[in-house]
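Structure at a glance
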Amino acid sequence: MNVDTRLTTKQWFKSKLFWLLFVILLYTLIGFFLVPYLVKSYTHDLFQEKFGWEGGPADVSFNPFEFALQMKDLDVWDESGTRVLGFSELAVNFDLGSIYYQAWTLEPSHVNDAYVFVEVDESGETNFGKAYDEHATVEETSEPAGSLPRILLKKIVIADAQFEVDDQSQGQLVEHDVSPVNLIVEDFVTYEGRDGRYSASMTFGESQALEWEGSIDAEPYRSRGVIDLSSFKVPHLWPYVEPYVNYRITEGEVSARVNYDFSLPSADDQPLHLTLSKGEVEFSNVKAAIPNTDAFDDESLGTMKALGVHDLSYDYAKSELAIDEAYLRGLDLSLVRNDSGQINLLWPYADDNDSEQGGETESENESDAASNSSDTNDPFKWQISKTDISESRLTWTDNTLENPAAISLNSIAATMQNLDQNLDEAKAFEASLQPENSGAISLQGTVTPATVEATTSLTIDALSIPLAQNYVSEFMNVRLNSGTVSAQGQLKLTGDNQIGSFDGTITSEDFDASDPVLEEALLGWESVTVEPLQVVFQPVEIDIETITLSKPSGQFRIGEDGNTNFSALTTEGGEEQQADSGGTESDDSIAAEAPPFINIARIQINEAQFHFMDNSLEPAVDLPMESLNGSITELSSAQQVRSDVALEGAVGEFGEVGIEGTVNPLAEQLFVDLGINVENFSLTQVSPYSVKFLGRKIEEGKLRLKLEYLVQDGELDASNSIVISDFSFGEKVESESALDLPIDLAIALLKDRSGRISLDVPVDGSLDDPDFDISAILWQAFQDVLKKAVTSPFALVGKLLGGDEEKLEAIRFDAGSHTLSGPASESLKQLSRALQERPSLTLAVQGRAVREIDGPALAQARLDKALEDRRQKGLDEVAAYRDYLRSEGVELPTPQDESASDEYVEAHRTASLETAKVSEDALQRLAVSRSQSIGKALATDYQVDPEQLQTSAPDIDAEAEGEDNEQVEVRFQLSAR
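Residue positions are given per chain, counting from 1 as you read along its sequence in written order. In keeping with the predicted nature of the model, local features appear solely for residues at pLDDT of at least 70, side-chain atom pairs appear and are counted solely at 80 or more, and the whole-chain, interface and lining totals rest on all residues. Only hydrogens and water are removed before side-chain values are computed, so all heavy atoms of the structure are retained for them.

The name recorded for the protein in an unreviewed UniProt entry is DUF748 domain-containing protein, from Allohahella marinimesophila.

Examining the overall build of the protein
Filter applied, for reference: Here a strand is any run of E in DSSP of at least two residues, a helix any run of H or I of at least four, and the numbering for each starts at the N terminus. The rule is simple: take the accessible area with a 1.4 Å probe, protein chains only, and divide by the maximum for that residue type; under 20% is buried, over 50% is exposed, in between is partly exposed. Residue contacts are defined here by distance: any two heavy atoms, one from each residue, within 4.5 Å place the two residues in contact. Areas reported here follow the Shrake-Rupley algorithm with a probe of radius 1.4 Å; residue values treat only the protein chains shown as occluding.
Within the protein, the secondary structure is distributed over 21 helices and 36 strands. By the burial criterion, 37% of the 977 residues in the protein qualify as buried. The contacts of the protein with a sequence gap of at least 6 include a subset with a gap of at least 24, amounting to 59%. Here the protein displays about 54200 Å² of accessible surface, and carbon together with sulfur accounts for 51% of that area.

Considerations on the pattern of salt bridges
The criterion, for reference: By definition, a salt bridge exists where a carboxyl oxygen of Asp or Glu is found within 4 Å of a side-chain nitrogen of Lys or Arg.
Under the counting rule described, the total for this entry stands at 23 salt bridges. Between D228 and R257 there is a salt bridge, with its nearest N and O atoms 3.0 Å apart. Residue D228 is located in strand 10 (residues 221-233), and its partner R257 is located in strand 11 (residues 248-263); the two are separated by 29 residues in the primary sequence. Accessibility expressed as a relative area gives 23% for D228, which makes it partly exposed. Between R930 and D854 there is a salt bridge, with the nearest N and O atoms lying 2.7 Å from each other. Pair noted here: R930 is in helix 21 (residues 920-941) and D854 is in helix 18 (residues 851-871), with a separation of 76 residues, a long-range link. Each member of the pair, R930 as well as D854, carries the same accessibility label: buried. The network of salt bridges with shared partners includes E809, R812, E969 and R971.

Brief notes about the sheet that holds strand 33 (residues 810-814)
Across a sheet, strands are paired by hydrogen bonds formed along the backbone, either parallel or antiparallel in direction. Put simply, the rule reads: In this scheme, strands are said to pair when DSSP sees at least two bridges between them. Each axis is a line fitted through C-alpha atoms, taken for helices only over the stretch in contact, and angles between the N-to-C directions span 0 to 180 degrees.
Strand order in this open sheet of four strands is 33-36-34-35, and the pairing throughout is mixed. Edge positions in the sheet fall to strand 33 and strand 35 (949-955), since each of these pairs with one other strand and no more. Across the sheet, the mean angle from the axis of one strand to that of its neighbour is 25°, orientation sign disregarded. Inspection of the sheet shows strand 34 (residues 841-848) paired to strand 35 by five bridges, in the parallel sense. Bridge pairing in strand 35 places V845 opposite T951. On the sheet, helix 13 (residues 743-750) packs against strand 34 and strand 36 (967-976) and is oriented at approximately 100° with respect to strand 36.

Some words on the layout of surface pockets
Threshold: Put simply, the grid is 1 Å and covers the protein atoms alone, a cavity is a trapped set of points that fit a 1.4 Å probe, a pocket is an open set with protein on both sides within 12 Å along at least five of seven lines, and lining residues have an atom within 4 Å of a point. Grid points are joined across faces, edges and corners, and a volume is the space filled by probe spheres set on the points.
Estimates place the volume of the largest pocket at around 2000 Å³. What lines the largest pocket is a set of 45 residues, and nearest its centre among them are V686, L703, L705, I722 and L778.

Some details on the packing of helix 13 against helix 14 (residues 774-791)
Geometry of a packed helix pair, given as the angle between the helix axes and the separation of the axes. Using the following cut-off: Orientation labels follow simple angle bins: below 35 degrees gives roughly parallel, above 145 gives roughly antiparallel, 65 to 115 gives roughly perpendicular, and whatever is left gives oblique. Ten residue types, Ala, Val, Leu, Ile, Met, Phe, Trp, Tyr, Cys and Pro, are classed as nonpolar, four, Asp, Glu, Lys and Arg, as charged, and the remainder, Gly among them, as polar.
Contact geometry of helix 13 with helix 14 gives a least axis separation of 9 Å together with a crossing angle of 90°. Here helix 14 runs roughly perpendicular to helix 13, going by the angle between their axes. Contacts from L745, A746, L749 and L750 of helix 13 reach helix 14 at L786, A789 and V790. Of the residues contributing to the contact of helix 13 with helix 14, the split by class is seven nonpolar, no polar and no charged.

Topic: a negative patch on the surface
The condition is simple: Note on patches: the residues involved have over 30% relative accessible area and no salt bridge, like charges join within 9 Å, and the nonpolar side chains Val, Leu, Ile, Met, Phe, Trp and Tyr join within 5 Å. Residues scored as positive are Lys and Arg, those scored as negative are Asp and Glu, and His as well as the terminal groups of each chain are ignored. A single reference atom marks each charge: NZ on Lys, CZ on Arg, CG on Asp, CD on Glu.
The grouping of D713, E715, D717, D764, D768, D769 and D771 at the surface amounts to a negative patch. Tracing the backbone shows D771 in the loop between strand 32 (756-766) and helix 14. Classification of D771 as exposed rests on a relative accessible area of 67%.

Here's the deal with the packing of aromatic side chains
The condition is simple: In this analysis, rings of Phe, Tyr and Trp, with Trp reduced to its six-membered ring, are considered paired at centre separations within 6.5 Å, and the interplanar angle assigns stacked below 30 degrees, edge-to-face beyond 60, and tilted for intermediate values.
Here the structure, examined in full by the defined rule, presents twelve aromatic pairs. For the pair F62 and F67, a centre-to-centre distance of 6.5 Å together with 85° between the ring planes defines the contact as edge-to-face. Owing to a relative accessible area of 13%, F62 belongs among the buried residues under this scheme. Among the aromatic side chains, those forming a connected cluster through ring pairs are F47, F51, W53, F128 and Y132.

Re unusual backbone geometry
In this chain, E531 is followed by P532 through a cis amide linkage whose omega measures -25°. Turning to its location among the elements, P532 is positioned in strand 22 (residues 520-536). The residue after Q538, namely P539, is reached through a cis peptide bond having omega -10°. Tracing the chain through its elements places P539 in the loop between strand 22 and strand 23 (541-550). Not every positive phi belongs to a glycine, and N285 is a case in point at roughly 50°. Turning to its location among the elements, N285 is positioned in strand 12 (residues 273-289). Phi is positive for Q943, close to 60°, though the residue is something other than glycine.

A closer look at helix 12 (residues 687-694)
Taken residue by residue, helix 12 has S687, P688, S690, V691 and L694 as its buried positions. Those residues of helix 12 that are buried lie in contact with strand 26 (621-636), strand 30 (696-712), strand 31 (715-732), helix 13 and helix 14. G695, located one to two residues past helix 12, shows a positive phi value of around 75°.

Quick look at the side chain of D614
For D614, the location among the structural elements is in strand 25 (residues 597-614). The side chain of D614 is buried and forms no salt bridge, while K692, the nearest opposite charge, is found at 6.2 Å. Setting aside residues no more than four positions away along its own chain, D614 makes contact with I558, A620, V621 and Y689.

A word on the nonpolar core
We apply this condition: To qualify as a nonpolar core, a set must consist of buried Ala, Val, Leu, Ile, Met, Phe, Trp, Tyr and Cys residues joined through side-chain atoms within 4.5 Å.
The biggest cluster of nonpolar side chains holds 85 residues, and the ones touching the most others in it are L828, L843, I934, F972 and L974. Take this core: its biggest share by element is seven residues, from helix 13. Beyond its immediate stretch of four places on either side in the chain, L974 contacts L745, L749, P793, F794, V797, L835, L841, T842 and L843. Judged by nonpolar contacts, the second largest core, of 44 residues, contains Y115, A161, Y247 and V254.

Spelled out as structure tokens, the structure:
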């Protein structure tokens, strides 16, 4: 019976076809219905038992003929009701070739719209790990991991997957949303003999992508291929880095591409194999900031266009890292110092706790590095063929100043060649930058990174001096309007306490500084050149061949309030700093720091001009000094060296000035031996001073000065020779500051017959005296000269002529006489010379008669004349007396004994003298005769200009003042014509 016939009989159960059909039917039913049910149930139970979660696929289907399993709409929720796992479709195609390959073989399979939610807590545990640990049995947790089953995935595709991660392990919530994720793996095997191919792409938000392709082998694990990361947002991953760096990255992307070759060792004695090649890494458009703080108004640190490396290669086994180029482009760094002196870049590390933490981290890193290096036989080697910084800028803001400074350093660029682990070897480098409103500053040479020892050529091109304005303003009230500094030379850094040296030239051009209060020029120059210059930084040694000052200029101004522009230069901050430094610097520190050694072979001054202006007077004084030329040679801080000074120029309208001598201002003990000569200086330019201090304008006059100043061992010894010619005062002007002196007399006393005034004013004093003030000493000396002249004029005249003051200011006449004696004539002769030498003087003569002295003499003379007349008539002496007494109507003495002639004669003489009284007219005639005798002698005998002589009313009421009874003194008075 054939098979088909048996199916229709009662023997159908014996039919092979029946059983074949039955098996097929049963297989079909199991495959299509039972398997999906079992898979669906198992999946639900699996998540519940292993994790305590609810959920599973909404639909499961299985094609037993194609060995194709399909799940749809799987969703799993954790105990809190949060969806943690899911996909829209999972398709797995089993290949019957598994028998041939002796491995689980899957035909092309795919997962669509997979979703995974991972939550990481503060301790770093995930929601998957915690849930599994809570529900796993002891056997499961202690079961050792076995070897991987033999699996062959011919092709598996994961499409449009999404991974969400909430990470709180960094002390803050970090959310990651990785989607879509696409992965294609081909020929993946877990056994030897076959390499699989794979490609993967992941998109993190917008434009962030990870591309990964290559080959992979799971047993032993090895892989080679290319990883390409593009436009990855750095801030999203920065929380994992921030605890170690203490800065925030608020914007930025990172892109990287590298070829790799990796394999795990198949035996314990084999090393790990890892090589990287053709690596490219770049961080771009980065914005950095310090942690949130109230210490700074702006927490931003700046931006960076690009930071990366080209052609990176790494060999783990050889411990070698090589980079063809490391570059930094477009760095815009903002450094800020707040009003407390903290700098934003360093502020995150200012706290002690942070420092300690950083120390621990550094120690751990060093330990890890040591551990890693010990894993290999060879020390770690690295090399960067070229390091390049370009297109960068640094902005410095200093808020510690009263007027905050803001300085930009632009176009920062630097390159270094062949930087490697041998940091004690010199490396070639170049660097340049350009401060705002300035030329470039550049360095080129070699540097040893380990010791910072460097040999470089330094070029500074027109560095703007006004950049230092806000710092200068802290100490001086000076406005820096313009000016540049340039330098060219060799800069060497020794990397030790000696610091280094500089050898080159320095030039400053077009400098102009003004007084911000008076709004007037202060200092300036067309150019200052220092060449050649040699500087050793520690201990400080400065050696200069020549300093050339071309057209330097300056102004010394006295304001309307009497303060000078220089006295107002120092600010309160500058004075406080000087006080602080003076008060805190110990004697030991002063002794320890040696004074700098300075040697300047020559200072050349060309066409210098300076102005002295005094606005405290009305009108103001404007005194220019122009065309000052000359030199100072051999200027040195060595005590024994003397510098020669030779300068000459013009002062005022027509004046000339010359300065010659030797100085040593740089030595510890000041030495000055200078002569200053001024010729042909017009005094009308300083007439306002004459108005203020003398109450008179100057109509005309020329000044010649010869000053000799010697400063040695702290003592000043100076002589001031002053010669004024063609001098005359103008009108009188009221001045509260004018000296209360007869100035005209003083000038007349000082001015000689040629109209010249010559003064010698010596000055001395100790520079160590805190009250020493040279200007005050000079003014006091000048006042003393004037006061002495007008209070003791004859002393001055006597000094000029070498005569005696007492012989010049008065002469003596014999009692009752107007005849000049020999000594009196000699005194008048000397006085006449004085009047001829001082034609501006007038001598006042007042005739004088003293009754006590001249009266008896005049009476005796009158009696003698009367007696002489009577003797000529033949009368004897007694008869002459008696006749005289009768004529005067006086009673005659009674004779007692005419033979006693002596007593008799004396009685008549006494009676006659008492009768011969002197009248007022007689005394007046005597006084007038005396002044006439003096005037005649001076004008006629000694040729004195009569205009210089004055006669005043005679004095006949004068009393004897210490005079003897034989002579009367006639005094003179001097006055100006």
